[in-house]
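What follows is the residue order along each chain.
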Amino acid sequence: TGVAVYAQNTFAALKARKALSVEWDSTAAETRSSEQIKQACVDAAASRGEIAFEAGAVDDAFSAADQIVEAEYTFPFLVHAPMEPLDAVVARGEDGGVDLWMGSQLQTGDHQVAAAVCGLPSEKIRIHTMLAGGSFGRRAQPSSHLTAEAAEIFMAAGGQTPVKLVWTREDDIRGGYYRPIIAHKLRGGLNAAGDIVAWEQTIAGQSFIKGSPLEPLMLSAGFDPTLVEGAIPIPYAVDNALTTFHLVDTAVPTLWWRSVGHTHTGYAVETFVDELLALGGKDAVEGRLALLDSHERLAATVRRAADMADWGRSLPEGHALGVATVESFRSYVTQIADVSLENGMPRVHKVWCAVDCGIAVNPEIVRAQMEGGIGYGLGAVLFNDLTLEPGGAVKQSNFHDYASLRIGDMPDIDVSIIASDAPPTGVGEPGTPPIGPAVANAVRRLTGTPVRHLPMNTALQS
């Protein structure tokens, strides 16, 4: 499936690889630029797609609305970019079996693939799951391609000598498996009292389930729940709502990215709701609470975060607060961000975060995951855009042109865990979705213009 270079140390292997002259077969590769792929998604989202959720009579509600607002959102390719790129060690055991030491989020698939490549029964394969230096979904590979690659180079070398496989940072950033490009088209209808009476959302993007070993389990009649989760339905009480979707195929390998579908649905829903509430003359916090009657746990996090931030107080000149609330992975998180603008870019000074994840088995881990999720999500909405140039080549290669949030940009964070006797739920992903829309909602208050295209360093400085 490729070319492997064997050496006694990493430097020698990299030097030998650089000396190679390889002619690659790119006939099946994606040759469109990321802008062309984005436009294909925008074009698809311009019309209704397959129905994912429907309630009430949307067309009638829009016909009767006093004001209609339309918005287009686009989200770029994103790399997971953990501090530790992909790596694995493979060795022959004393019983003739094979041991793999690696970070893994889908051990069952990795185990099956290693057994197939090594030609051994499954009981002869042992995967030792190591702590990973970040992952964010990158080591949850339906194809188990890292395991297959490690096992293949081990067997190609004779299947006896231990082998350590290391991806470089450039391999990691240019090696595919990105959060796909996504486009949203939204319409909202307001009545004379400023109430939201109609909601329509169309989502267009690539399915990372389609064509993977998980397709028979997760893709039913062309419906990919990971593309529309967070929008089927939205948490707010709108009697007339419609969510549809289009699957847009590309040849770019894609993969879930921390918080999966909520990474884009949370942003689109929360910024658009905020905009509609403002147009209707309603406060961002009180307006949300009025629409969350049937979602008491989510509403409770809104109230807690608003109390923590002292919502409604006077702020220093040039500062604004933005709020966003998202349920993901059965956990409820609200975040309020204190934001100013420096050289046209958001400066996030503090974030108040309220979380209900059921019983907090280890509160310190809950706080750490909320803090990490906020930092990860903030860096993505501010800076991150994996760009395909015309012809399909990846432009970025390392952290100099695919930025990670630096310590000086990390805001002060205050996390409050709501006491609960409900079963414990996820905390690894739910801290990420609210931070982007919370910051964007504050920026809209400062500038008067919504941020509908990410990343912000492109949208705000273009």
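Basis of the calculations
- Residues numbered from 1 in each chain as written.
- Predicted model: local features only at pLDDT ≥ 70, side-chain atom pairs only at ≥ 80, totals over all residues.
- Heavy atoms only, no water.
- Pairing = 2+ DSSP bridges.
- Helix = DSSP H or I, 4+ residues; strand = E, 2+ residues; numbered from the N terminus.
- Axes fitted to C-alpha atoms, helices over the stretch in contact; angles between N-to-C directions.
- Contact = heavy atoms within 4.5 Å.
- Expected span 1.5 Å × (residues − 1).
- Buried < 20%, exposed > 50% of the residue type's maximum accessible area, 1.4 Å probe, protein only.
- Arc of directions from axis to C-beta.
- Lys, Arg positive; Asp, Glu negative; His and termini not counted.
- Salt bridge = Lys/Arg side-chain N within 4 Å of Asp/Glu carboxyl O.
- Polar contact = N/O pair within 3.5 Å; in protein donor to acceptor, adjacent residues only side chain to side chain.
- Phe/Tyr/Trp six-rings, centres within 6.5 Å; stacked < 30°, edge-to-face > 60°.
- Lys NZ or Arg CZ within 6 Å of the ring centre and 35° of its normal.

K.L.:
Go over the sheet that holds strand E12 (residues 345–356), please, and point to the residues and values.
P.N.:
Reading across the sheet, the 4 strands line up as E10-E11-E12-E13 and stay open at both edges, with mixed pairing between neighbours. Both outer strands of the open sheet, strand E10 (320–328) and strand E13 (412–417), are each paired with one neighbouring strand and no more. Taking the axes of each pair of neighbouring strands and ignoring which way they run, one obtains an average angle of 20° across the sheet. Here strand E11 (residues 331–342) runs beside E12; their pairing, made up of 11 bridges, is antiparallel. Directly across from Ser340, in E12, lies its bridge partner Arg347. Across the sheet, helix H11 (residues 296–309) lies against E10, E11, E12 and E13, angled at about 35° from E11, the strand it touches most.

K.L.:
Break down H11 for me, citing the residues and quoting the values.
P.N.:
Spanning 14 residues, H11 covers 20 Å between terminal C-alpha atoms, matching the ideal 20 Å at 1.5 Å per step. What H11 keeps buried is the set Leu298, Ala299, Thr301, Val302, Ala305, Ala306 and Ala309. The arc that holds the buried residues of H11, viewed along the axis, is 155°, so those residues lie on one side. Considering only its buried residues, H11 is in contact with helix H10 (284–290), E10, E11 and E12. Positive backbone phi, at 55°, marks Asp310, one or two positions downstream of H11.

K.L.:
So, the side chain of Arg138: which residues are in play, and what are the values?
P.N.:
Mapped onto the secondary structure, Arg138 falls in the loop between strand E5 (125–129) and helix H5 (145–156). Here Arg138 sits buried without a salt bridge, and the closest side chain of opposite charge, Asp172, lies 4.1 Å off (N-O distance). Of note is the side chain of Arg138, whose polar atom sits 3.1 Å from the side chain of His145. Apart from the residues lying within four places of it in its own chain, the contact partners of Arg138 are His80, Leu86, Gln105, His145, Trp167, Asp172, Gly176, Tyr177 and Leu255.

K.L.:
Could you give me a rundown of the packing of aromatic side chains, with the residues and numbers involved?
P.N.:
Geometrically, a pair of aromatic rings is defined through the distance of the ring centres and the angle of the planes. What the rule picks out here adds up to 8 aromatic pairs. Arranged with centres 6.3 Å apart and planes meeting at 80°, the rings of Tyr73 and Tyr267 form a pair that is edge-to-face. Of this pair, Tyr73 sits in strand E2 (residues 67–75) while Tyr267 sits in helix H9 (residues 262–279); the two residues are 194 residues apart in sequence, bridging distant segments of the chain. By relative accessible area, which is 0% here, Tyr73 ends up buried. Put simply, the rings of Tyr73, Phe75 and Tyr267 pair up and form one aromatic cluster. Note that Arg179 overlies the ring of Trp257, its terminal NZ or CZ placed 5.9 Å from the centroid. Sitting over the ring of Phe62, Arg187 keeps its end group 3.8 Å from the ring centre.

K.L.:
Explain the pairing of strand E3 (residues 87–92) to me, using residue names and the numbers behind them.
P.N.:
Here 4 bridges tie E3 to strand E6 (residues 163–166), and the two strands are oriented antiparallel to one another. Within E6, the residue paired with Val89 across the bridge is Lys164. Across 4 bridges, the pairing between E3 and strand E4 (residues 98–102) is antiparallel. By the bridge assignment, Ala91 is partnered in E4 with Asp99. Turn length for the E3-E4 hairpin, with the two strands adjacent in sequence and antiparallel, is 5 residues, and the turn residue Gly96 shows positive phi of about 90°.

K.L.:
A description of the sheet that holds E3 should follow, citing residues and the corresponding values.
P.N.:
Spatially, the 4 strands line up as an open sheet ordered E5-E4-E3-E6, and their pairing is mixed. Two strands lie at the open edges of the sheet, namely E5 and E6, each paired on one side alone. Mean inter-strand twist for the sheet, computed between neighbouring axes without regard to direction, equals 15°. In this sheet, E5 lies alongside E4 in parallel orientation, the contact comprising 5 bridges. Bridge pairing links Val98 to Ile125 in E5. Relative to E5, helix H4 (residues 107–118) is tilted by about 140°, and along the sheet it contacts E4 and E5. Here H5 sits on the sheet in contact with E3, E4 and E6, set at roughly 40° to E3.

K.L.:
How would you summarise the pattern of salt bridges if you had to cite specific residues and measurements?
P.N.:
All told, the structure shown has 24 salt bridges when counted by the stated rule. The salt bridge partner of Asp274 is Arg445, with a shortest N-O separation of 3.0 Å. Residue Asp274 is found in helix H9, and its partner Arg445 is found in helix H13 (residues 435–447); the two are separated by 171 residues along the sequence. With its nearest N and O atoms 2.8 Å apart, the salt bridge here joins Arg297 to Asp356.

K.L.:
An account of the environment of Val339 is needed here, citing residue identities and associated values.
P.N.:
Mapped onto the elements of the fold, Val339 is located in strand E11. Accessibility expressed as a relative area gives 0% for Val339, which makes it buried. Among all residues touching Val339, those that are not within four sequence positions of it are Gly318, His319, Ala320, Pro346, Arg347, Val348, His349, Val439, Ala442, Val443 and Leu446.

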